[in-house]
Amino acid sequence: MLTQILERMESEVRTYSRSFPVVFTEAKGARLHTEDGKEYIDFLAGAGTLNYGHNNPVIKQALLDYIASDGIVHGLDMWTKAKRDYLQTLEEVILKPRGLDYKVHLTGPTGTNAVEAAIRLARVVTGRHNVVSFTNGFHGVTMGALAVTGNSKFREATGGIPLQGANFMPYDGYLGENIDTLDYFEKLLNDKSGGMDRPAAVIIETVQGEGGINVAGIEWLQRLDKICKDNDILLINDDIQAGCGRTGKFFSFEHADIKPDIVTNSKSLSGFGLPFAHVMMRPELDKWKPGQYNGTFRGFNLALTTAATALREYWTNDTLERDVQRKGRIVADRFQKIAAWLSEKGHPASERGRGLMRGLDVGSGDIADKITSKAFKNGLIVETCGHDDHVIKCLCPLTISDEDLLEGLDILEASAKDAMS
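Values in this document were obtained by computation on a predicted structure and should not be read as measured data. (Residues numbered from 1 in each chain as written. Predicted model: local features only at pLDDT ≥ 70, side-chain atom pairs only at ≥ 80, totals over all residues. Heavy atoms only, no water.)

*Asks:* Just give me the short version of the nonpolar core, but keep the residues and values in it.
*Replies:* One finds Phe43, Phe185 and Leu224 to be the most contacted residues of the largest nonpolar core, which totals 85 residues. The leading source of residues in this core is helix H11 (residues 301-314), at eight residues. Viewed by domain, this core spans two of them, domain 1 (3-56 + 319-420) and domain 2 (71-316), each represented by three or more residues. Ignoring anything within four residues of it in the chain, the contact list for Phe43 reads Leu380, Ile381, Val382, Lys393, Cys394, Leu395, Cys396, Ile400, Asp404, Leu405, Gly408 and Leu409. Ala122, Ile203, Leu234 and Val279 belong to the second largest nonpolar core, which has 23 residues in total. (Core = buried A, V, L, I, M, F, W, Y, C linked by side-chain atoms within 4.5 Å. Buried < 20%, exposed > 50% of the residue type's maximum accessible area, 1.4 Å probe, protein only. Helix = DSSP H or I, 4+ residues; strand = E, 2+ residues; numbered from the N terminus. Domains from an automatic or database assignment. Contact = heavy atoms within 4.5 Å.)

This is the structure we're talking about:
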């Protein structure tokens with residue numbers, strides 16, 4: 001296995017190759033293969049980018065057909081057949097059945113591009129600058145998105161440039177189980193001496209991914225939605241990791257039956273791991289002037305093609321949705337079992353999540369690292385998250401077979417017991 005060129009030339013900023021120091025060559029479904037012949041079950045799935053698995057055959061064939069037909073690959077934001085097909089499919093398969101009416105802004109290809117655009121749009125529309133975010137939130141590492149990201153590891157990497165334009169509020173559960181943190185937010189809004197400039201927007205992840213699989217309660221989300229409406233504040237739902245079916249609904253906010261003003265999507269939006277992001281907004285919020293927010297690689301036609309295929313293949317009925325919820329219960333049960341064993345051994349642990357976005361909180365980054373390192377040696381790729389990387393995160397493909405899912409959970413349970421023995 002030749003890694004010298006990779007270690008010598010790639011920047012020290014790299015992360016995943018440190019945790020998984022092998023050279024991958026091919027992948028199918030929920031399994032990865034290396035050049036030295038090893039096989040791994042994938043509970044990482046591109047950090048939630050491969051909801052439909054590696055090299056999904058239906059989506060891959062659509063991509064191959066499009067390329068073979070000399071379809072437009074790059075066209076800036078010119079109109080193409082692939083774009084029309086995607087927007088028609090999005091409207092008919094996703095938006096109309098959910099009673100949603102959104103216009104679509106095709107931004108640059110990453111999640112942080114979408115967040116930057118959403119925040120800037122909110123400021124343009126309202127004429128106000130302040131954006132409220134939440135503790136443990138993660139929204140990207142460009143300057144605007146980073147200003148609403150809580151983790152100091154990312155915030156400290158600005159070269160000393162101050163991050164501005166955001167106020168942080170405590171997320172649901174941040175102050176304990178019996179404290180409604182929105183009381184504090186609402187108090188500040190109604191207190192002229194509270195020191196908070198009236199926000200243009202609130203940005204929220206209904207399930208915080210990087211922050212530790214923290215789950216906002218349904219009633220809490222509904223109250224937040226009402227507070228925003230009552231105070232003329234735009235609600236931005238960052239659905240970049242929690243969206244595209246990860247929580248058991250296509251949009252994570254569907255569980256709370258709310259309709260955000262602005263929604264950001266990326267990661268599994270293309271359905272195939274191709275870079276793709278967009279912002280959706282209520283039509284009356286589309287106050288952009290032509291070219292006011294642009295990018296060379298907006299509207300990537302290969303990704304538009306695979307995205308439309310994924311929507312038609314998996315979201316014209318509720319089969320996948322129900323299967324994700326079923327598999328989520330399987331993961332939850334096993335994580336609870338592992339957490340109970342760890343707690344009995346003197347290492348308090350707990351399980352949380354929604355759908356197939358689940359976390360095993362082992363209370364310590366060192367313990368989580370020991371378990372995931374053992375798991376990698378035993379054939380499972382799984383990452384950690386949270387402020388101390390103390391939460392083991394399951395982001396397996398939504399289409400994973402029961403056999404692969406159970407084998408991966410077996411590996412994780414055995415690895416936990418081995419690491420703690």
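*Asks:* Give me the lowdown on the sheet that holds strand S3 (residues 39-42), citing residues and values where you can.
*Replies:* Reading across the sheet, the four strands line up as S1-S2-S3-S15 and stay open at both edges, with mixed pairing between neighbours. Single-partner strands in this sheet number two, and they are strand S1 (24-28) and strand S15 (380-381). (Pairing = 2+ DSSP bridges.)

*Asks:* I'd like a description of the packing of aromatic side chains, backed by residues and values.
*Replies:* For the structure on display, the rule yields 13 aromatic pairs. Ring geometry for Phe134 versus Tyr171: centroids 6.2 Å apart, planes at 75°, classification edge-to-face. You can see Phe134 sitting in strand S5 (residues 131-134) and its partner Tyr171 sitting in the loop between strand S6 (166-169) and helix H9 (182-189), a full 37 residues away along the chain. In this pair, the class of Phe134 matches that of Tyr171, namely buried. A ring pair is formed by Phe250 and Trp315, whose centres lie 5.1 Å apart and whose planes are at 85°; its orientation type is edge-to-face. Taken as a pair, Phe250 in the loop between strand S10 (234-238) and strand S11 (262-265) and Trp315 in the loop between H11 and helix H12 (319-344) lie far apart in primary sequence, 65 residues in all. Take Phe250: its relative accessible area is 3%, and that puts it in the buried class. Clustering of aromatic rings is evident, with ring pairs tying together Phe20, Phe24, Tyr40 and Phe376. (Phe/Tyr/Trp six-rings, centres within 6.5 Å; stacked < 30°, edge-to-face > 60°.)

*Asks:* Any chance you could break down a negative patch on the surface for me, citing the residues and the numbers?
*Replies:* Together, Asp366, Asp369, Asp388 and Asp389 make up a negatively charged patch on the protein surface. For Asp388, the position within the fold is in the loop between strand S16 (383-385) and strand S17 (391-394). (Patch = residues over 30% accessible without salt bridge, like charges linked within 9 Å, V, L, I, M, F, W, Y side chains within 5 Å. Areas by Shrake-Rupley, 256 points an atom, 1.4 Å probe, with all protein chains shown as cover. Salt bridge = Lys/Arg side-chain N within 4 Å of Asp/Glu carboxyl O. Lys, Arg positive; Asp, Glu negative; His and termini not counted. Charge placed at Lys NZ, Arg CZ, Asp CG, Glu CD.)

*Asks:* Account for the pattern of salt bridges, with residues named and values stated.
*Replies:* Evaluation of the coordinates by the stated rule reveals 30 salt bridges. Note that Lys103 and Asp286 form a salt bridge whose closest N and O atoms lie 2.8 Å from each other. With Lys103 in strand S4 (residues 103-106) and Asp286 in the loop between strand S12 (278-281) and H11, the pair connects residues that are 183 residues apart, well separated along the chain. Under the relative-accessibility criterion, Lys103 is labelled partly exposed at 39%. Notably, a salt bridge pairs Lys249 with Glu321, separated by 3.3 Å at the nearest N-O pair. With Lys249 in the loop between S10 and S11 and Glu321 in helix H12, this pair connects stretches of sequence that are 72 residues apart. In the salt-bridge network here, residues are joined through shared partners; they are Arg334, Lys337, Asp410, Glu413 and Lys417.

*Asks:* Lay out the domain arrangement of the protein with the relevant residues and their values.
*Replies:* Per the domain assignment, the segments of the protein are domain 1 (3-56 + 319-420) and domain 2 (71-316). Domain 1 and domain 2 are separated by 26 Å when their C-alpha centres are compared. Taken together, the 32 residues of domain 1 in the interface contact 32 residues of domain 2. Between domain 1 and domain 2 lies a buried interface of about 2,700 Å² when both sides are counted; carbon and sulfur atoms form 52% of it. Looking at the side of domain 1 facing domain 2, the largest losses of area belong to Tyr52, Arg354 and Met357, adding up to 33% of the total buried there. If you look at where domain 1 meets domain 2, you find 20 residue pairs in polar contact (both at pLDDT 80 or more). (Buried area = accessible area lost by both parts, 1.4 Å probe. Polar contact = N/O pair within 3.5 Å; in protein donor to acceptor, adjacent residues only side chain to side chain.)

*Asks:* Got a sec to walk through the packing of helix H5 (residues 81-95) against H11? Specific residues and values, please.
*Replies:* The description of two packed helices rests on the angle between their axes and on the distance between the axes. In contact at an axis separation of 9 Å, H5 and H11 are set at 30° when each is read in the N-to-C sense. Relative to H11, H5 is oriented roughly parallel. Crossing of H5 against H11: the hand is left-handed. Counting all contacts with H5, which are made through Ala82, Lys83, Asp85, Tyr86, Thr89, Leu90, Val93 and Ile94, the residues of H11 involved are Asn301, Leu304, Thr305, Ala307, Ala308, Leu311 and Arg312. (Axes fitted to C-alpha atoms, helices over the stretch in contact; angles between N-to-C directions. Parallel < 35°, antiparallel > 145°, perpendicular 65-115°, else oblique. Left-handed = near helix turned anticlockwise from the far one by under 90°.)

*Asks:* Describe the packing of helix H4 (residues 57-68) against H11, and please don't skip the residues or the numbers.
*Replies:* The N-to-C vectors of H4 and H11 enclose an angle of 140°; their axes lie 9 Å apart at closest approach. Judged by the angle between their axes, H4 and H11 are oblique. For the pair H4 and H11, the sense of crossing is right-handed. In this structure, H4 contributes Val58, Ile59, Ala62, Leu63, Tyr66 and Ile67 to the contact, and H11 contributes Asn301, Leu302, Thr305, Thr306, Thr309, Ala310 and Glu313. In the contact of H4 with H11, the residues fall into eight nonpolar, four polar and one charged. (Nonpolar A, V, L, I, M, F, W, Y, C, P; charged D, E, K, R; others polar.)

*Asks:* Tell me what's going on with the environment of Asp232, and back it up with residues and numbers.
*Replies:* Relative to the helices and strands, Asp232 resides in the loop between helix H10 (218-230) and S10. Put simply, Asp232 and Asn167 are 65 residues apart on the chain and 17 Å apart in space, counted from C-alpha to C-alpha.

*Asks:* If you had to explain the sheet that holds S12 to someone new, which residues and values would you point to?
*Replies:* With mixed pairing, seven strands are arranged side by side in an open sheet as S4-S12-S11-S10-S7-S5-S6. Each having just a single partner strand, S4 and S6 make up the two edges of the open sheet. Within this sheet the neighbouring strands show an average axis-to-axis angle of 20°, counted without direction. As paired strands, S10 and S11 are joined by three bridges and run parallel to one another. Counted as the bridge partner of Ile236 is Ile262 from S11. Lying on the sheet, H10 is in contact with S5, strand S7 (201-204) and S10; it crosses S7 at an angle near 160°.

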